[in-house]
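# Chain and residue survey
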Amino acid sequence: MTVSTAQRALKHILKRDNAAREFLGQLSDSLNTGFCFEDASGEILWGSKNGFTRALPFEHEEKALGAFHYSTENALTLFVALKLLFQKEWEKKKIGKEVLGLYREINMIYDLSELISEKIDAESIAKVTLEEASQIIDTTHALFLIYDPEKDEVLQIARLGENPKSQAFIEEQKDVLRELITRGVSAIVPADRIAKNPALKHLKTVMYAPLKVKHRTFGMVIIGHEEEVGYTAAELKLLTTISLQSATAIESAHLYQKGLKEVQDREDAIRKIHDVSQKFVPSEFIKSLGKAKITEVFLGDLVEREVTVVFVDIRGFTTISEGLSPTDNFLFVNSFNNRMGPIVRKNGGFIMQYLGDGFMALFTEGSQGALSASVEMHRALQKYNKERALRKRLPVHIGVGMQSGKLIMGITGDNERLDAAIISDTVNTAARIEGLSKHFGTSILLTQECKVNLTDPDQFDFRYLGQVQPKGKMKPIDLYECINGDAEDLQNHKLSNLKTFDDAMTLFLNKEFAMAAVTFQQIFKSNTKDQPAKLFLNRAAQLITQEIEDNWKGVETMTTK
């Protein structure tokens, strides 16, 4: 820690920390004495120098931070108290600095992911990759290279830094670069090898990482510096992560451009599935209207019910469908619905609407059945995925969001076309909760209304995820994660860390962001699949450096639906 940072910690205690100031004031009154503190620049941070006859230097790590002025021996107790308060504040800032470094790396990877996800060509992805990498790794020059095996050429896709002869050197070093790309490994180049290579004479520090997808390497990223900055293993690991992320994005962009027509055909098939599903009215819906069969319903029939609405979404549906023909796409969705539908009905619900890559279900008997069905659906898919793995097929995962409340169920349309309809903010909120399950990285996400509505909550295990204010909503919503639908190893991890996670949330909501970040990091490091821990680690780390308003309640405001 630098002296300036220590001085800021000291100034925070004496000028801004109301609790610390009140404590020192009360202690002064009880000791019937006072003091004055003058910092190293001569600024008075506490009291006035008038009337004090003695002074003690206030030091930290052998560097003077100021002087403690006093008159009586009793004041030395104040000096000790101030030392203890300063040490605690200094340690908080030290932890904050370490967490901030970790946050910068995580944030950079998140930013890169968002930026390259918007690109559909290799050149744009390469340019963004080099720009973002240079923001966190000390770099003056960089190259993004792709090997074309058909033409036996190493192509420069993007570069940073001035080097007019870079293309000529790439052609001269083609055999070496091709070998490095083929090997597909990351490395920091030794200084003696840099000095011997004429293509690197403008650099003193160099490292590289492969562009690899699955078992295929098709390029590499090379970065360097004109000075001897000494790249570390951690920086090499970060570059490797960036390169792998970019390689995946380029592969996805390539598949998109190559198979645009096939993708359109698959989307048409999904749209047809959606259109067909809307022609049918669930029999349970008819019964909820008090009718025995569909021929008894009339335009305008309606009833108000207290229900739990559940939205289920197939995660990564586009990825799964890319390897299927339109017919196989239909069969896959139909197979999925055939597996999930009976589970919904078994637990007292019915599927109101099929959404192509998911569905909306209603549970008229409350949230106990809805949550039981959600857990059972996840467990059924875990068993089903074992069968798919034997056939070398991608696993199927779902996200579930639910809300409890009142809604209107009825028949709408005109004299020629009738349709079953439900109208309520409860439906809209449930859809938002399912969307938020992606944001939080949870398998099952529910509101406090659902949790309160449970008849046997001890059947499940929950983690509180704070309040979220969805876009367009006036009031925040309390959210809970039900962990019983997670894979066994992740569920066991979360169960063993329930109290630790709750403690971390308490620290976070109490604005103890540094300690919250440290605790969330401890949870995340023990299992990197714990996405809520990762999300709150990032949020806590980000808030460490921000000015927080006194009325901050930890509500996360969403800007998208």
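Use the structure listed above.
These figures come from a predicted structure and were not determined experimentally.

## Describing the overall build of the protein chain
Along the protein chain, the regular secondary structure elements total 19 helices and 18 strands. Sequence separation of 24 or more characterises 65% of the internal contacts of the protein chain that already satisfy a separation of 6 or more. Carbon and sulfur atoms provide 50% of the accessible area of the protein chain, an area that totals close to 29,500 Å².

## Comments concerning the pattern of salt bridges
Evaluated as defined, the whole model comprises 19 salt bridges. For the salt bridge of D152 with R178, the shortest nitrogen-to-oxygen distance reads 2.7 Å. Remark: R178 occurs in helix 6 (residues 174–183) and D152 occurs in the loop between strand 5 (141–148) and strand 6 (153–160); sequence separation between them is 26 residues. A salt bridge links E251 to R216; the nearest nitrogen and oxygen atoms lie 2.6 Å apart. Within this pair, whereas E251 is found in helix 8 (residues 233–258), its partner R216 is found in strand 9 (residues 216–225), the two being separated by 35 residues in sequence. What makes E251 partly exposed here is its relative accessible area of 22%. Classification of R216 as partly exposed rests on a relative accessible area of 41%. Connected via shared salt-bridge partners are R463, E481, D486, K494 and D530.

## Here's the deal with the sheet that holds strand 2 (residues 44–46)
Read across the sheet, 4 strands follow the order 2-1-4-3 without closing on themselves; strand pairing throughout is antiparallel. Strands at the two margins of the open sheet, each flanked by one partner only, are strand 2 and strand 3 (54–60). When the angles between neighbouring strand axes are averaged without regard to direction, this sheet yields 30°.

## Things to note about helix 18 (residues 513–526)
Here helix 18 is 14 residues long and its end C-alpha atoms lie 20 Å apart, about the 20 Å a rise of 1.5 Å per residue gives. All of the buried residues along helix 18 are F513, A514, A516, A517, T519, F520, I523 and F524.

## Quick look at the nonpolar core
Membership of the largest hydrophobic core comes to 34 residues, with the highest contact counts inside it found for F336, F359 and M402. Elements represented by at least two residues in this core include exactly strand 10 (302–315), helix 11 (317–322), helix 12 (326–346), strand 12 (358–363), helix 13 (367–390), strand 13 (397–413), strand 15 (444–447) and strand 17 (477–482). The biggest single contributor to this core is helix 13, with 7 residues. Residues contacting F359, with those up to four places away along its chain left out, are V310, F311, V312, F336, N337, M340, V344, I351, Q353, Y354 and M377. Membership of the second largest hydrophobic core comes to 31 residues, among which are I136, I137, I242 and A247.

About the cut-offs
Residues numbered from 1 in each chain as written. Predicted model: local features only at pLDDT ≥ 70, side-chain atom pairs only at ≥ 80, totals over all residues. Heavy atoms only, no water. Helix = DSSP H or I, 4+ residues; strand = E, 2+ residues; numbered from the N terminus. Contact = heavy atoms within 4.5 Å. Areas by Shrake-Rupley, 256 points an atom, 1.4 Å probe, with all protein chains shown as cover. Salt bridge = Lys/Arg side-chain N within 4 Å of Asp/Glu carboxyl O. Buried < 20%, exposed > 50% of the residue type's maximum accessible area, 1.4 Å probe, protein only. Pairing = 2+ DSSP bridges. Axes fitted to C-alpha atoms, helices over the stretch in contact; angles between N-to-C directions. Expected span 1.5 Å × (residues − 1). Core = buried A, V, L, I, M, F, W, Y, C linked by side-chain atoms within 4.5 Å.

The quantities given are spatial measurements derived from coordinates; they are silent on function.
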